[in-house]
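Close look at the chain arrangement
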Amino acid sequence: MGFRCGIVGLPNVGKSTLFNALTETQAAQAANYPFCTIEPNVGQVGVPDPRLDKLAGIAGSQKIIPTQLGFVDIAGLVRGASKGEGLGNQFLANIREVDAIVHVLRCFEDDDIQHVDNRVDPVADADTVETELLLADLESLEKRVPAAAKRATGGDKEAKAMASVLGQALELLREGKPARLTEPKDDEEARLFAQAQLLTAKPVLYVCNVEEEAAAEGNDFSARVFEKAKAEGANAVIVSAAIEAELIGMEPEERLAYLEEIGLHETGLARIIRAGYDLLHLITFFTVGPKEARAWTVHKGAKAPEAAGEIHSDMQRGFIRAETIAFDDFVSLGGESAAKDAGKLRQEGKEYEVKDGDVLHFKFNV
């Protein structure tokens with residue numbers, strides 16, 4: 001499945017530089033002026049997972065295929081976007097299409113890089129973007145909630161549920177709070193809330209773009225962002241887009257040596273992915289064989305047939321059972337045969353909830 005994260009922020013905060021570094025491409029033009037990214041660039045990157053390499057080594061797999069993570073580099077926002085200012089309408093439409101928002105905030109000072117407001121204040125920058133998203137949602141719901149309430153008086157059950165859950169979201173927005181704080185009371189309300197595609201319902205990951213010297217510990221600017229994230233129940237990570245750009249083209253050994261030299265143990269990409277997985281409640285399962293070892297992504301709580309459907313819809317439709325080995329058992333015992341002999345290969349049915357790291361083989365009939 002993978003997921004798509006929209007990289008957003010004010011102009012000149014490092015969005016496109018980060019996008020280029022993360023996807024190891026130059027698909028986005030990183031230029032020192034607003035709107036250098038006009039059409040959203042989309043990059044697919046393999047999710048680094050050392051477990052996959054271990055499984056492939058044990059099974060002698062010819063190919064290693066990681067699960068994919070999509071990044072969408074979205075045009076810089078300015079005040080008034082909710083009213084169509086700048087590239088506002090396009091910006092808002094692009095955000096509706098992503099699963100989560102990676103909000104890049106400038107946490108460094110550099111006189112050579114112009115800030116749209118001529119100051120460095122990442123919390124104020126975050127508030128500017130969030131206000132525009134909130135205003136867009138507010139305008140939408142102030143039309144939709146009364147219409148749903150009117151239909152509900154005629155006995156429309158779906159309209160009643162919609163008026164309830166979207167009415168709750170509307171009250172939050174009027175208080176200046178994001179719609180993601182809405183609490184649907186049942187599955188039907190949750191479904192209708194998701195269908196509404198509210199911008200402020202998207203989970204948010206704040207990315208503090210710091211100078212190279214602050215990449216390991218952060219700085220005063222990033223500390224303020226982490227305080228904001230904690231207060232909102234959101235996630236935040238520290239990244240130096242400049243360092244990530246330097247890593248492009250390095251060999252793996254050279255990259256590790258460089259990271260250790262500057263006090264880092266992993267790339268910014270790895271931190272963003274881990275935070276993104278946590279943000280979207282995602283887990284990874286594996287399929288392993290001599291031809292390939294492959295990682296797949298599902299939402300936490302997914303049942304075995306749903307996981308099978310990530311591979312092919314026929315597997316989900318004709319699901320019979322899932323042969324399951326926990327990652328630790330597969331590795332410690334040295335592979336499928338040994339795990340089976342040790343009684344660690346389990347036969348799981350349709351109600352089995354997939355666990356992170358499961359090595360699965362699906363039986364199906366269509």
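Figured I'd write up the structure that's included with this text. Within every chain, residues take consecutive numbers counted from 1 along the sequence as written. For this predicted model, a pLDDT threshold of at least 70 governs which residues receive local features, and a threshold of 80 or more governs which side-chain atom pairs are given and counted, while totals over whole chains, interfaces and linings are taken from all residues. Heavy atoms from the whole structure form the basis of all side-chain values; hydrogens and water molecules are not counted.

What follows concerns the layout of surface pockets. Computed from the structure, the largest pocket encloses a volume of approximately 890 Å³. Val47, Pro48, Asp49, Pro50 and Ala270 are the residues nearest the centre of the largest pocket, which is lined by 34 residues in total. Each helix is a run of H or I in the DSSP string that is no shorter than four residues. Each strand is a run of E no shorter than two, and both are numbered from the N terminus. Going through the elements one at a time, α1 (15-23), α2 (50-59), α8 (241-247), α9 (252-261), α10 (268-280) and β8 (282-288) are the ones with two or more residues in the lining of the largest pocket. A per-element tally of the lining of the largest pocket places α10 first, with 5 residues. By residue class, the composition of the lining of the largest pocket is 20 nonpolar, 4 polar and 10 charged. Think of a 1 Å grid over the protein atoms and nothing else: a 1.4 Å probe that fits but is trapped marks a cavity, an open set flanked by protein within 12 Å on at least five of seven lines marks a pocket, and residues with an atom within 4 Å of a point count as lining. Grid points are joined across faces, edges and corners, and a volume is the space filled by probe spheres set on the points. As a volume, the second largest pocket reaches approximately 490 Å³. Considering the residues around the second largest pocket, the lining is formed by 13 residues, among which Ala190, Phe193, Ala194, Ala201 and Pro203 are closest to the centre. Under the scheme applied here, ten amino acids are nonpolar (Ala, Val, Leu, Ile, Met, Phe, Trp, Tyr, Cys and Pro), four are charged (Asp, Glu, Lys and Arg), and all others, including Gly, are polar. When the residues that make up the lining of the second largest pocket are grouped by side-chain class, the tally is 8 nonpolar, 2 polar and 3 charged.

A separate point is a negative patch on the surface. On the surface, a cluster of negative charge is contributed by Glu109, Glu211, Glu212, Glu213 and Glu246. Checked against the element boundaries, Glu211 lands in the loop between β6 (204-209) and α7 (220-232). Whether a residue is buried, partly exposed or exposed follows from its accessible area with a 1.4 Å probe, protein chains only, as a fraction of its type maximum: under 20%, in between, or over 50%, in that order. Judged by relative accessible area, which is 30%, Glu211 ranks as partly exposed. Like charges within 9 Å and nonpolar side chains (Val, Leu, Ile, Met, Phe, Trp, Tyr) within 5 Å are joined into patches, using only residues over 30% in relative accessible area that form no salt bridge. Only the protein chains shown count as cover for residues, and all accessible areas are computed by the Shrake-Rupley method using a 1.4 Å probe. Think of a salt bridge as a Lys or Arg side-chain nitrogen and an Asp or Glu carboxyl oxygen that are within 4 Å of each other. Note on charges: Lys and Arg go in the positive column, Asp and Glu in the negative column, and His and the chain ends are not counted at all. In plain terms, the charge of a residue is placed at NZ if it is Lys, CZ if Arg, CG if Asp and CD if Glu.

Let us now look at empty space enclosed by the protein. One pass over the full model with this rule turns up 1 cavity of 30 Å³ or more. The calculated volume of the largest cavity comes to roughly 40 Å³. What lines the largest cavity is simply Val8, Ile101, His103, Val129, Glu130, Leu133, Arg180 and Val204. A class-by-class count of the residues in the lining of the largest cavity yields 5 nonpolar, 1 polar and 2 charged.

Unusually for a residue other than glycine, Gln197 sits at a positive phi of about 50 degrees. Residue position: Gln197 is located in the loop between α6 (187-195) and β6. Owing to a relative accessible area of 41%, Gln197 belongs among the partly exposed residues under this scheme. Backbone geometry places His281, a non-glycine residue, at a positive phi of 55 degrees.

Only rings of Phe, Tyr and Trp enter the pairing, Trp through its six-membered ring, and a pair is recorded when the two centres are within 6.5 Å. The plane angle decides the type: under 30 degrees is stacked, over 60 is edge-to-face, the rest tilted. Applying the stated rule across the entire model yields 4 aromatic pairs. Seen in terms of ring centroids, Phe285 and Phe362 are 6.2 Å apart; in terms of plane orientation they differ by 90 degrees. Their pairing is edge-to-face. With Phe285 in strand β8 and Phe362 in strand β12 (residues 359-364), this pair connects stretches of sequence that are 77 residues apart. The class of Phe285 is buried, set by a relative accessible area of 0%. Residue classification places Phe362 among the buried positions, given a relative accessible area of 6%. Through a chain of ring-to-ring contacts, three or more aromatic side chains come together here, namely Phe285, Trp296, Phe319 and Phe362.

Our focus in this paragraph is the pattern of salt bridges. As enumerated under the stated definition, the model contains 16 salt bridges in all. Its salt-bridge partner being Asp127, residue Lys228 comes within 3.1 Å of it at the nearest N-O pair. Of this pair, Lys228 sits in helix α7 while Asp127 is found in helix α4 (residues 122-152), placing the two residues 101 residues apart along the sequence. Ionic pairing is found between Glu175 and Lys177, a salt bridge with its closest N-O pair at 3.5 Å. Linked by salt bridges that have partners in common, Asp127, Glu130, Lys228 and Glu232 make up one network.

Before going further, it helps to examine α10. Here a helix's expected span is defined as the number of its residues, less one, multiplied by 1.5 Å. Here α10 spans 18 Å end to end across 13 residues, near enough to the 18 Å set by a 1.5 Å rise per residue. For α10, the buried fraction is high: 11 of the 13 residues fall into the buried class. Listing the buried residues of α10 in full gives Gly268, Leu269, Ala270, Arg271, Ile272, Ile273, Ala275, Gly276, Tyr277, Leu279 and Leu280. In the analysis that follows, any N or O atom pair within 3.5 Å is treated as a polar contact, provided that within protein one partner can donate a hydrogen and the other can accept it, and provided that, for residues neighboring in sequence, both atoms belong to side chains. In this structure Thr267 caps α10, since a side-chain oxygen of it lies 3.2 Å from the backbone nitrogen of Ala270. Positive phi shows up at His281, right after α10, with a value of about 55 degrees.

Definition of nonpolar core: a set of buried residues of the types Ala, Val, Leu, Ile, Met, Phe, Trp, Tyr and Cys, connected through side-chain atoms within 4.5 Å. Among the nonpolar cores identified, the biggest contains 52 residues, and Leu18, Leu69, Phe71, Leu205, Tyr206, Val207 and Ile272 are the most heavily contacted of them. No other element matches α10, which puts 7 residues into this core. Every residue in contact with Phe71, bar those within four places of it in the chain, is listed here: Cys5, Ile7, Phe19, Leu22, Asn41, Val42, Gly43, Val45, Leu269 and Ile272. Only heavy atoms matter for contacts: two residues are in contact if any of them lie within 4.5 Å across the pair.

Further remarks concern the state of the cysteines. Count a disulfide wherever a pair of cysteine sulfur atoms falls within 2.5 Å. Per the stated rule, a full pass over the model turns up 0 disulfides. Among the cysteines around Cys208, which has no disulfide bond, Cys107 carries the closest sulfur, lying 4.2 Å off. Of the residues examined, Cys208 reaches a relative accessible area of 0% and is grouped as buried.

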